Amino acid sequence: MQYPAQRSVEFSTTALQFVDGSEQRFCNYQAPLHRWVIRLSLLDQSELQEFQEFFRGIAGPAGDFAFTDPWDGTNYPSCSLSSDSIAGVLAGEWNGQTSITVLENGS
Amino acid sequence: MLYYPQLTTGAVTQFPVTRSINMRTVGNQLSSGYTIRMADTGAQKIQWRLQYSSLTDGERSSIESLFEASQGQLDTFTFLDPADNLLMWSEDWTQTVWTADPLLQVSGGVSDALGGDDAMQLTNTAQTTQQIVQNTNGPSGFVYCYSVYLRSGVPTTVQLVVTATGQTVLTAVTTGSSWSRATASGSLSVQEEGVGFGVQLPAGAQVEAFGAQVEAQPGAGLYKKTIDLGGVYSSTRFSSDLLLVTATAPNQNSCQINLISNLT
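Rules and cut-offs
Residues numbered from 1 in each chain as written. Chains lettered and ligands numbered in written order. Predicted model: local features only at pLDDT ≥ 70, side-chain atom pairs only at ≥ 80, totals over all residues. Helix = DSSP H or I, 4+ residues; strand = E, 2+ residues; numbered from the N terminus. Rg over C-alpha atoms; globule rule 2.2 N^0.38 Å. Buried ≥ 20, exposed ≤ 12 C-beta atoms within 10 Å, placed from the backbone. Contact = placed C-beta atoms within 7 Å. Core = buried A, V, L, I, M, F, W, Y, C linked by C-beta atoms within 7 Å. Domains from an automatic or database assignment. Pairing = 2+ DSSP bridges. Axes fitted to C-alpha atoms, helices over the stretch in contact; angles between N-to-C directions. Nonpolar A, V, L, I, M, F, W, Y, C, P; charged D, E, K, R; others polar. pLDDT = per-residue confidence, 0-100.

## A word on the overall build of chain A
- Scanning chain A for helices and strands turns up 1 helix and 8 strands.
- Tracing chain A from N to C terminus, the helices and strands come up as β-β-β-β-α-β-β-β-β.
- Whereas a compact globule of 107 residues would reach a radius of gyration of roughly 13 Å, chain A reaches 18 Å, over 25% beyond that.
- For chain A, the spread of C-alpha atoms along the three principal axes comes to 65 × 25 × 25 Å.
- Per-residue burial for chain A yields a buried fraction of 21% across its 107 residues.
- The long-range fraction of contacts in chain A, counting pairs at least 24 apart against all pairs at least 6 apart in sequence, stands at 54%.

The following block contains the structure:
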């Protein structure tokens, strides 16, 4: 991962509001789900091709993989990619750029 | 057979190159956050955006000729991916895409040039030369750079093989005890559909080989590992029925080309 790095945490809450104004809330997810946006630049050809081969190898969002959070080293055993496409721009031999978003899968 | 042309430099394109891989995934997200996902493999595509500037009139003409011959996005042609290794299974020469002579033993699990264990050991048990070759669907008349990492326990002279029907070019390289990247660059004079690349060993020789790579350009780029897909796309199309070329000066042209191919 390179700077700027983004990480988000998402909960899913359902709120029921009653006529007296009170609310009942409950969470849909067993645990919050994490998401990482990985933007990479100044990759060489080999690194860029390796990313695209990984994307192809797991059939994009269809595949699961383990991801270690670079912020704190926590291993998330079931993650997937968010997008059906990956674009790699090779602006020069040592100037490749790409971006992927990793999602933690819910259970 | 139609082929996407090389420039006069021998390269397929100029920087920047944009290469996109597109999948189609059928997904169902449950309220618990759990998702069920299935890949729709038939819909997998790969796309390239090639941006050209300062093309000569001849280079412009060759692209326009292909566009006219393929009738825009109607017909397909073969495209050699400028951002990939044209060989398949670059580190596993036991795969069927590699054709070895009968008395050439090929085994894996050897420490490689990049710190892994993915190099191959090639042992010629015959009394004559033996070779291992992978054929690709590229045109034999293109400029290629073939490269492979080699080493051996004792100095050995092996031949890098570039072959097509009617012509074989051998390039002698001497291997040493440490990994070195041998390259063979050039084009064959015959105009055939298909060209093969490999290594030929003298009788009794044993060498270790790793990271075979072929690129449709005069010089070797950084090594790119491949498995079941190489960079030769035989069913590529233009993405558009329109080809717009801008002449910026005499013999100076620029354009942008969008190509698409099935990934499988």
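## A closer look at the overall build of chain B
- A count of helices and strands for chain B gives 1 helix and 18 strands.
- Along the first, second and third principal axes, the C-alpha atoms of chain B reach 65 × 60 × 30 Å.

## Thoughts on the nonpolar core
- Of all hydrophobic cores here, the largest spans 54 residues; its most connected members are Leu122(B), Val162(B), Val199(B) and Ala209(B).
- Split by domain, this core shows at least three residues from each of two domains, domain 1 (17–83 + 232–262) and domain 2 (98–215) of chain B.
- With near-sequence residues (within four places) excluded, Leu122(B) lies in contact with Leu104(B), Val106(B), Ile132(B), Val199(B), Leu201(B), Gln206(B), Val207(B) and Ala209(B).
- Of all hydrophobic cores here, the second largest spans 5 residues; its members include Phe55(A), Ile86(A), Ile21(B) and Ile46(B).

## Here we look at unusual backbone geometry
- With an omega dihedral of -5°, the bond running from Tyr3(A) to Pro4(A) counts as a cis peptide bond.
- Mapped onto the fold, Pro4(A) is located in the segment before strand E1 (6–10).
- The residue after Phe15(B), namely Pro16(B), is reached through a cis peptide bond having omega 0°.
- Looking at where Pro16(B) falls in the secondary structure, it is placed in the segment before strand E1 (17–22).
- With phi around 55°, Gln71(B) is a residue other than glycine that occupies positive phi space.
- Following the sequence through the fold, Gln71(B) ends up in the loop between helix H1 (57–69) and strand E5 (77–80).

## Some remarks on the pairing of strand E14 (residues 193–201) of chain B
Residues and elements named next belong to chain B.
- Across the 9 residues of E14, 7 count as buried, placing the element largely inside the fold.
- Two strands pair when backbone bridges link them, and strand E9 (residues 130–139) and E14 are joined in this way by 8 bridges, in the antiparallel orientation. Bridged to Gln 131 within E14 is Gln 200.
- Sheet topology places strand E11 (residues 156–164) next to E14; 5 bridges connect them, and they run antiparallel. Across the sheet, the residue bridging to Gln 159 is Gln 200, located in E14.

## A few points about the environment of Gly96(A)
- Tracing the chain through its elements places Gly96(A) in strand E8 (residues 96–104).
- Apart from the residues lying within four places of it in its own chain, the contact partners of Gly96(A) are Leu43(A), Asp44(A), Gln45(A), Glu47(A), Leu48(A), Gly88(A), Val89(A) and Leu90(A).

## Digging into the sheet that holds E9(B)
Residue and element names in this part refer to chain B.
- What the 5 strands build is an open sheet, ordered E6-E9-E14-E11-E12; its pairing is antiparallel. Every other strand in the sheet has two partners, leaving strand E6 (98–100) and strand E12 (167–175) as the edge strands with one partner each. For this sheet, the mean angle separating the axes of adjacent strands, direction not counted, is 20°.
- Bridge count between E6 and E9: 3 bridges; the pairing is antiparallel. What sits directly across from Trp 98, in E9, is Gln 134.

## A word on the domain arrangement of chain B
- The assigned domain composition of chain B is domain 1 (17–83 + 232–262) and domain 2 (98–215).
- One C-alpha centre belongs to domain 1 of chain B, the other to domain 2 of chain B, and the line joining them spans 31 Å.

## Describing the interface of chain A and chain B
- The interface of chain A with chain B comprises 29 residues on the first partner and 28 residues on the second.
- Elements that contribute at least two residues to the side of chain A that touches chain B include exactly helix H1 (45–57) and strand E7 (85–90) of chain A.
- Among the residues making up the side of chain A that touches chain B, the classes are represented as 11 nonpolar, 15 polar and 3 charged.
- Two elements, E7(A) and E1(B), share 6 bridges in a ladder whose sense is antiparallel. Bridge assignment links Ala87(A) to a residue of E1(B), and that residue is Ser20(B).

## Some remarks on the pairing of E8(A)
Residue and element names in this part refer to chain A.
- Here strand E4 (residues 33–43) pairs with E8 via 7 bridges, running antiparallel. Each residue of the ladder has a partner; that of Arg 39, found in E8, is Ser 99.
- Bridge count for strand E6 (residues 75–81) against E8 is 3 bridges, and the pairing is antiparallel. Bridge pairing in E8 links Cys 79 to Glu 104.

## Re the confidence of the model for chain B
- When pLDDT is averaged along chain B, the result is 96, and 100% of the positions lie at 70 or above.
- Reported confidences for the modelled complex are a pTM of 0.92 and an ipTM of 0.87.

## As for the sheet that holds strand E15 (residues 206–215) of chain B
Residue and element names in this part refer to chain B.
- The strand order E7-E8-E15-E10-E13 describes an open sheet built from 5 strands, whose pairing is antiparallel. Each end of this open sheet is capped by a strand with a single partner; those strands are strand E7 (104–110) and strand E13 (180–186). Going from strand to strand, the sheet's axes swing by 30° on average, the running direction of each strand aside.
- Here strand E8 (residues 119–124) runs beside E15; their pairing, made up of 4 bridges, is antiparallel. By the bridge assignment for E15, Met 120 is matched with Ala 209.

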